[in-house]
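Breakdown of the fold
Given next are the chains, with one letter for each unit.
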Protein chains: 4
Amino acid sequence: MTLSEQYNSVRKHSEIICQPLKTEDFVPQPVNFVSPPKWHLAHSTWFFEQFVLKEHLPDYKVFNDDFSFLFNSYYNTVGKRVFRADRGNITRPGVQEVFEYRAYVDMHMQILLQLKSEELRELLELGLNHEQQHQELLLTDIKYILGHNPIFPIYNEDLDWENDTNAETGFAKIEEGIYEIGHDSEAFSFDNEHGNHNVYLHEFEISKTLVTNSEYLEFINADGYKNFKYWLDEGWSWVTENKIEAPLYWHKIDGEWFHFTMNGLQKVNPEAVVTHVSFYEASAFAEWKKMRLPTEFEWEIASEKFNWGKRWEWTNSAYLPYPNFKKPEGAIGEYNGKFMVNQMVLRGSSCATPPNHSRKTYRNFFHTDERWQFNSIRLAK
Amino acid sequence: MTLSEQYNSVRKHSEIICQPLKTEDFVPQPVNFVSPPKWHLAHSTWFFEQFVLKEHLPDYKVFNDDFSFLFNSYYNTVGKRVFRADRGNITRPGVQEVFEYRAYVDMHMQILLQLKSEELRELLELGLNHEQQHQELLLTDIKYILGHNPIFPIYNEDLDWENDTNAETGFAKIEEGIYEIGHDSEAFSFDNEHGNHNVYLHEFEISKTLVTNSEYLEFINADGYKNFKYWLDEGWSWVTENKIEAPLYWHKIDGEWFHFTMNGLQKVNPEAVVTHVSFYEASAFAEWKKMRLPTEFEWEIASEKFNWGKRWEWTNSAYLPYPNFKKPEGAIGEYNGKFMVNQMVLRGSSCATPPNHSRKTYRNFFHTDERWQFNSIRLAK
Amino acid sequence: MTLSEQYNSVRKHSEIICQPLKTEDFVPQPVNFVSPPKWHLAHSTWFFEQFVLKEHLPDYKVFNDDFSFLFNSYYNTVGKRVFRADRGNITRPGVQEVFEYRAYVDMHMQILLQLKSEELRELLELGLNHEQQHQELLLTDIKYILGHNPIFPIYNEDLDWENDTNAETGFAKIEEGIYEIGHDSEAFSFDNEHGNHNVYLHEFEISKTLVTNSEYLEFINADGYKNFKYWLDEGWSWVTENKIEAPLYWHKIDGEWFHFTMNGLQKVNPEAVVTHVSFYEASAFAEWKKMRLPTEFEWEIASEKFNWGKRWEWTNSAYLPYPNFKKPEGAIGEYNGKFMVNQMVLRGSSCATPPNHSRKTYRNFFHTDERWQFNSIRLAK
Amino acid sequence: MTLSEQYNSVRKHSEIICQPLKTEDFVPQPVNFVSPPKWHLAHSTWFFEQFVLKEHLPDYKVFNDDFSFLFNSYYNTVGKRVFRADRGNITRPGVQEVFEYRAYVDMHMQILLQLKSEELRELLELGLNHEQQHQELLLTDIKYILGHNPIFPIYNEDLDWENDTNAETGFAKIEEGIYEIGHDSEAFSFDNEHGNHNVYLHEFEISKTLVTNSEYLEFINADGYKNFKYWLDEGWSWVTENKIEAPLYWHKIDGEWFHFTMNGLQKVNPEAVVTHVSFYEASAFAEWKKMRLPTEFEWEIASEKFNWGKRWEWTNSAYLPYPNFKKPEGAIGEYNGKFMVNQMVLRGSSCATPPNHSRKTYRNFFHTDERWQFNSIRLAK
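Bear in mind that the values here come from a model prediction, so they are computed numbers and not experimental data.

Turning our attention to unusual backbone geometry. Omega for the peptide link from Arg-92 of chain A to Pro-93 of chain A comes to -5°, which places this bond in the cis form. With respect to the helices and strands, Pro-93 of chain A occurs in the loop between α3 (67-71) and α4 (95-116).

Pasting the structure below:
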């Protein structure tokens, strides 16, 4: 595939994701960490306009001067921006105008790609991978918006993601020794995966399966949410202050557990893997099982011994720089480095991850109480 | 006009107000006290369905069982409801469906009105006055939504409300004595105006004009917002904590004052009456002028001596029950009485008040920090 | 009594109130609205130093330059001051030094009183009445501090305040007409009572008794705290958010109601008058009884027809200026006027009010959720 | 030294720390993370009563049944306890009674130590190390209490801690390779240091000096606090929301920097090492210097190549379990493990650390915004 074809393919995927939405669904921001679908579509477009077209296409005229202010996410280098919490209040530009913005930028990108695609390859790949990250957020944010509507609208009747099951059983064993970590091929990767380096791992075993709803229900039924001794201290505060009793999207109706899925409200399937748990819940479940979560290095080394890719998997590693991590110069330097504190690493990828956007060195990261991504638990010992 | 004609006319007015809106504008709830336009349209419809059709039209079938939960505002008597703060997250039912809901209810209301309009007159008048109250909120909430968009969209180029000026000058004097207060005609009025009673007023003078932007700018320029001595203690906290420096919607751009109007961002017109001030600001301005705000009783008695109707006018009266105030039985009893604490009375009506919805005995009420209504200041001494 | 004797008597009373305290009890500020006993003793002394000695005693040298910053309560006119919320963290000056401060100021006050007591009478009376107000707060703040210690220390075994009962029965009736309100004798009164004026009262009846614990228990047992329909809307939020189930200081232990008293934890006495209720609770109880609270004007006129003085009595009047209210010039002008918003008036006086500090025109005021004063409920209809 | 002598020596040290305090100083809790000195004295005593005497001394009678509730810190296993935020409101038991409690427990501990000290050695060492941890907190909490009093009381005129300087210069270099981490001697250590294990380190250099006030002032003067690009995203929020402009206890007076020290308010000494910085500040300073903080493993291995012990040193390692970390059974298991999330490791020890309470494997940990400990910055590259 040429870069130009790749560009078209990725950009089109964002719009396909939004096809089942009504105009109204594009607008709201129900909580700070969720963004309006409209905003995702515009922001990923702004990324190309700001970092590619304005820099590299001669005489490029921006679509609308206001958009840099409206659709900058967190690049302080680039100037003022709308407060994150206010994204849901910006009704204009409307959905139609955002799609026009996409078309305008795409047209100019195609011109630019004809002119000089190779010298911009690195930057373009970053822009496309950035858009792919927002594609996953689009899906999880749409699920959040629909899932917090008391009438539980269906996103897509044909999606069966929440019924994903395990294919293997048992544990894989890894020997003690020195292992190499990090990305070193020519293919695209983010700065936070760079800096190949050695780590020393002690012998460990890691499960070939993700925890299932059935296992997780045992934890619930054993009063796992009511016994402080399984929980990290902050986790226990989180559980008690927020009255948490089950994974996100679970509802107990007349004694039976249902959960909100991309296909509306459904009974919880015991065979399927548990989804939408916080790091606190993953950690408490592991403690209850008398096991632990793997570190991100254990996960990376062991990942060739099990199937992965249906759920992001919490590790017990904090999101910190690798040795020799180098923050790129300029605004792009704000991409990853400044978030390297008080978050935990998730490894793998999920049902919501777009095609060609996963590799075993990929470092995803979220706060310990966040659970609206498609994540799950893999145990180690 | 027959009741049926009145019904059509009032209901149609809500939809006319929404004509300049795009679909996206109907959705957000930027702050708790503002509701999505979509919600206003559905809620005022639900009021007729819940309190009129379900009770009085034989065999009436509700449009959608979920709507009572979604569009009940605060009637605890009627059952569970969506938390006020979450109204902006409910994207479905969409705008189109809300308009269908209105059409469905209107059609059944017309049937009912043919059957027995007279015996339901009181209830219908309440429902129509309720809708009229939401019409004013629709306009002020739309202004709030558009006015908090950094690109300042225009609602209606032909509206010139923010340029309203005074027609008279000077003060009117009222003699000491016993005066009668409250509503006593046959025409519709709310329960909070009932209970005709006497009050004793001491001699006072009241301005025939509202405070102008020019006068208010003098207060600003005299550092009125920076000197605690003009402010109530709570007002001073409000000013300092929220860094208030001018009325709502005012922006100082390159040394000059602009404000957001129904016609977009405009220069402040010095001749026009000041608008969008809180009770705290009204009180501080009066203190600075060495005058005071009138009580609601003074206002009601003096109101025949000056023009009013362009702005709600803050009084120095707390919103409390009149002697012999009687809370109606049932859910309708929640209409007014339960709000009679920690709010101040505003008298008059405004440019945003619908036709046939004002009278000198009308008691409007807001919290002391609220200023998104079209309100202003009239001084007394 | 000469002014000098009055001065000594009032000042001594503050110290007598503190006799049962240990040094540690003088220090904490458990919530914003409670001040450390040490602070009360120093602040009321600072009032004399700041407003009397510095102005009127030639060559007076302040005890300690820091104290004006430390012990100014809310007089912005006088300069910077410690934030109210930080009063409990100021361990130095210690209790001993505060008593030395009192002795120093008292000594100089006696010198001044020999020189020119009569010309300062008005100011001195204000200072002494100010100290008396803090004496009542001292007692209620001490009760709050001890009452929030899980081991419930006794303040004074001989105090039996919480067992106060009613002496009369029935209702008094007042005729419709014009009545005169406000203070007009030569004796001391606060600025908020001045401005004699007429009010028009409609016929009403007012109870000769305060509500008893027994009656209030009926309200509790009738699920009064669980039924929104008795409550103001803000009251209902207050009850549900704070999980209020009974008056302040009440604890249900093994199915029986106890309350914390000046004499430690005791069984609730059904004959005694209910105490420590918020305005919201008073209002809900009245609604449940199908009666109402009197206005402050009704109370003032009717007060000669019943006994009062054991509890502050919530009225349904907001704390607002009387006609012709005049704020004094200078810092003393901050005494009352700036609090005239969003508070309700209580009339009467309480078991904790010092001698010679009550009169029927006295206007006390608190926020609607405050209940750590010795207050109660009198019904009207 | 026998265990009994050790016990006496450690216990006496806590009381020596408190000698300069007035009774009032023992009471307040100005913020959640600071505890009243009185509480530290009682809590460390309760630890011996609860975990040693009640378990191991036959017929031991607790000093006071209420104390377990009052002075349990966070051991959920042991039962109910006072909320952390309320520690400052508990005036009784008073300081005198707390000292009596200490004497009572000490006397019984001496009896127990005669009976069976060896078999309890492990538990006793934990109790004494626990008390030593509270000794450091006692000092830093006392500094916080006095340092937030606007009159800046002196704790001890003879302490010169804030003038500590560096003794060496330059950088130490460590070769790439496998290194052993963790505690493995017979001597006491905490569970979080156990689990000896290998790590692979890449070559690095580490400074032999801590950052000085002079270097830190350069950062301040270069607008380091005003430029987002040096800061972690959360750090930048912390700086802007809290208006941070300098280390804790620093005050700019007439253009010159002072700081509160154990010896009162003093000019900042440029030669001394910078103290009281948060992890965010340490990280931003390192970024500005184009260097980084060491990991805790780098620090442990390099620690023999430089002097340390005057300040706790922030590392860029999150506080997480070592491989094979085992949580002890029972309440003691709550000691460390449950805090292993969202905190960063500090290594070394400080001027406030008691004698015999430091070693190169010691893992201290605090949240990224906490800076009231005596901590500083060591750079690596």
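Moving on from the model shown.
Here the focus is the interface of chain D and chain C. Taken residue by residue, the interface counts 32 residues in chain D and 31 residues in chain C. Inspection of the region where chain D meets chain C yields two salt bridges. Across the pair Asp-25 of chain C and Arg-92 of chain D runs a salt bridge, and its minimum N-O distance is 2.6 Å. Remark: the boundary between chain D and chain C carries eight residue pairs in polar contact (both at pLDDT 80 or more). Take the side of chain D that touches chain C: its biggest share by element is three residues, from helix α4 (residues 95-116) of chain D.

We now examine a nonpolar patch on the surface. Together, Met-107, Ile-111 and Leu-115 of chain A make up a nonpolar patch on the protein surface, roughly 300 Å² of accessible area in all. With respect to the helices and strands, Leu-115 of chain A occurs in helix α4.

Okay, the domain arrangement of chain A next. Residues and elements named next belong to chain A. By the assigned domains, chain A splits into domain 1 (3-147) and domain 2 (161-376). Summing both partners gives a buried area of about 2,500 Å² for domain 1 against domain 2, and 63% of it is carried by carbon and sulfur. Linking domain 1 with domain 2 are one salt bridge, by the criterion used here. Across the pair Lys-143 and Glu-162 runs a salt bridge, and its minimum N-O distance is 2.7 Å.

All names here are of chain A. Counting through the fold element by element, Asn-213 comes out in helix α6 (residues 213-221). Using a relative accessible area of 2% as the deciding quantity, one classes Asn-213 as buried. Within polar-contact distance, the side chain of Asn-213 engages the backbone oxygen of Asn-269 at 2.9 Å. Beyond its immediate sequence surroundings of up to four residues, Asn-213 is in contact with Trp-250, Val-268, Asn-269, Pro-270, Ala-272, Val-273, Val-274 and Thr-275.

Attention shifts here to the packing of helix α2 (residues 37-56) of chain B against helix α5 (residues 121-147) of chain B. Residues and elements named next belong to chain B. Remark: α2 packs on α5, axes separated minimally by 8 Å, with the N-to-C direction vectors making an angle of 170°. With respect to each other, α2 and α5 are oriented roughly antiparallel. Its residues assigned to classes, the contact of α2 with α5 comprises 15 nonpolar, seven polar and two charged.

All names here are of chain A. Here strand β1 (residues 171-174) shows a clear split, with Ala-172 and Ile-174 buried on one side and none of Phe-171 and Lys-173 buried on the other. Examined bridge by bridge, β1 and strand β4 (residues 204-207) share four bridges and lie antiparallel to one another. Paired with Phe-171 across the bridge in β4 is Ser-207.

On to the interface of chain D and chain A. Contact with chain D, which involves 36 residues of that partner, is made by 35 residues of chain A. Taking both sides of the interface into account, the surface hidden between chain D and chain A amounts to around 2,700 Å²; carbon and sulfur atoms contribute 58%. Across the pair Glu-287 of chain A and Lys-327 of chain D runs a salt bridge whose closest N-O atoms are separated by 3.4 Å. For the pair chain D and chain A, the interface holds 16 residue pairs in polar contact (both at pLDDT 80 or more). Those elements that place two or more of their residues in the side of chain D that touches chain A are β3 (197-201), α7 (233-241), α8 (279-288) and β8 (312-318) of chain D. Top contributing element to the side of chain D that touches chain A by residue count: β3 of chain D, with four residues. Looking at the side of chain D that touches chain A, its residues break down into 16 nonpolar, twelve polar and eight charged.

Once that is clear, we can look at the UniProt feature "domain: Sulfatase-modifying factor enzyme-like" (unreviewed entry) in chain A. As annotated in UniProt, the feature "domain: Sulfatase-modifying factor enzyme-like" (unreviewed entry) corresponds to residues 172-303 of chain A in the numbering used here. Taken end to end, residues 172-303 of chain A is 27% helix and 23% strand, and its first and last C-alpha atoms sit 10 Å apart.

This part takes up the environment of Lys-61 of chain B. Its location among the elements puts Lys-61 of chain B in the loop between α2 and α3 (67-71). Sequence spacing of Lys-61 of chain B and Glu-49 of chain B is twelve residues, and the spatial spacing of their C-alpha atoms is 9.6 Å.

Next up on the list: the sheet that holds strand β11 (residues 375-376) of chain A. Residue and element names in this part refer to chain A. Strand order in the open sheet formed by four strands is β10-β9-β8-β11, with mixed pairing between adjacent strands. The open sheet has two free edges, formed respectively by β10 (364-366) and β11, since each of these has just one partner strand. The sheet contact formed by strand β8 (residues 312-318) and strand β9 (residues 344-348) spans four bridges and is antiparallel. Each bridged residue has a counterpart across the sheet, and for Trp-312 the counterpart in β9 is Gly-348.

All right, on to the pattern of salt bridges then. Pairing between side chains becomes possible if they bear opposite charge and their charged atoms approach one another. A full pass over the atoms with the stated rule returns 88 salt bridges over all chains. The network of salt bridges with shared partners includes Arg-11, Glu-15, Arg-102, Asp-106 and Glu-131 of chain A.

Time to look at the relation of the copies chain D and chain C. At an RMSD of 0.0 Å, chain D and chain C line up after a rotation of 180° and a shift of 0.1 Å along the axis. What we have between these two chains is a two-fold relation. Here 97% of the contact residues of chain D are again contact residues in chain C; the copies associate through an equivalent surface.

Ranked by size, the top nonpolar core spans 193 residues in total, and within it Tyr-216 and Ile-377 of chain B together with Tyr-216, Trp-231 and Ile-377 of chain C carry the most contacts. With sequence-adjacent residues up to four places away left out, Ile-377 of chain B is seen in contact with Thr-209, Leu-210, Val-211, Tyr-216, Val-274, Val-277, Ala-282, Phe-285 and Leu-293 of chain B.

Attention now goes to the relation of the copies chain D and chain A. Screw-axis analysis of chain D against chain A gives a translation of 0.0 Å along the axis, an RMSD of 0.0 Å, and a rotation angle of 180°. When the interface residues of chain D are mapped onto chain A, 97% of them again lie at the interface, so the same face is used by both copies.

Let us now look at the sheet that holds strand β7 (residues 264-267) of chain C. All names here are of chain C. Within the open sheet, the three strands sit side by side as β5-β6-β7. Their pairing is antiparallel. Sheet topology places β5 (250-253) and β7 at the edges, where each strand pairs with a single neighbour. Geometrically, the sheet is characterised by an average inter-axis angle of 35° between neighbouring strands, direction not taken into account.

Turning our eyes to something else, we now look at the arrangement of the chains. The two units chain A and chain C are non-contacting; their minimal C-alpha-C-alpha distance is 13 Å. If you take every C-alpha in chain B and every C-alpha in chain D, the smallest gap between them is 13 Å, and the two do not touch.

Right, let's talk about the pairing of β7 of chain C for a bit. Two strands pair when backbone bridges link them, and strand β6 (residues 256-261) of chain C and β7 of chain C are joined in this way by four bridges, in the antiparallel orientation. Each residue of the ladder has a partner; that of Thr-261 of chain C, found in β7 of chain C, is Gly-264 of chain C.

All names here are of chain D. Locating Gly-177 in the fold gives a position in strand β2 (residues 177-181). Residue Gly-177 is classed as buried on the basis of its relative accessible area of 15%. A C-alpha to C-alpha distance of 8.3 Å links Gly-177 and Val-199, two positions 22 residues apart in sequence. Contacts of Gly-177, omitting those with residues within four sequence positions, involve Val-199, Tyr-200 and Leu-201.

Residues and elements named next belong to chain B. Closest axis-to-axis distance for the helix α6 (residues 213-221)/helix α8 (residues 279-288) pair is 11 Å, and the angle between their directions is 80°. Looking at the two axes, α6 sits roughly perpendicular to α8. Contacts between α6 and α8 involve Glu-215, Tyr-216, Glu-218 and Phe-219 from the former and Glu-281, Ala-284, Phe-285 and Trp-288 from the latter. The residue inventory of the contact of α6 with α8, partitioned by class, reads five nonpolar, no polar and three charged.

What counts as what
Residues numbered from 1 in each chain as written. Chains lettered and ligands numbered in written order. Predicted model: local features only at pLDDT ≥ 70, side-chain atom pairs only at ≥ 80, totals over all residues. Heavy atoms only, no water. Helix = DSSP H or I, 4+ residues; strand = E, 2+ residues; numbered from the N terminus. Contact = heavy atoms within 4.5 Å. Salt bridge = Lys/Arg side-chain N within 4 Å of Asp/Glu carboxyl O. Polar contact = N/O pair within 3.5 Å; in protein donor to acceptor, adjacent residues only side chain to side chain. Patch = residues over 30% accessible without salt bridge, like charges linked within 9 Å, V, L, I, M, F, W, Y side chains within 5 Å. Areas by Shrake-Rupley, 256 points an atom, 1.4 Å probe, with all protein chains shown as cover. Domains from an automatic or database assignment. Buried area = accessible area lost by both parts, 1.4 Å probe. Buried < 20%, exposed > 50% of the residue type's maximum accessible area, 1.4 Å probe, protein only. Axes fitted to C-alpha atoms, helices over the stretch in contact; angles between N-to-C directions. Parallel < 35°, antiparallel > 145°, perpendicular 65-115°, else oblique. Nonpolar A, V, L, I, M, F, W, Y, C, P; charged D, E, K, R; others polar. Pairing = 2+ DSSP bridges. UniProt positions renumbered as here; feature names shortened; annotations may be inferred. Least-squares fit on C-alpha atoms with pLDDT ≥ 70 in both. Core = buried A, V, L, I, M, F, W, Y, C linked by side-chain atoms within 4.5 Å.

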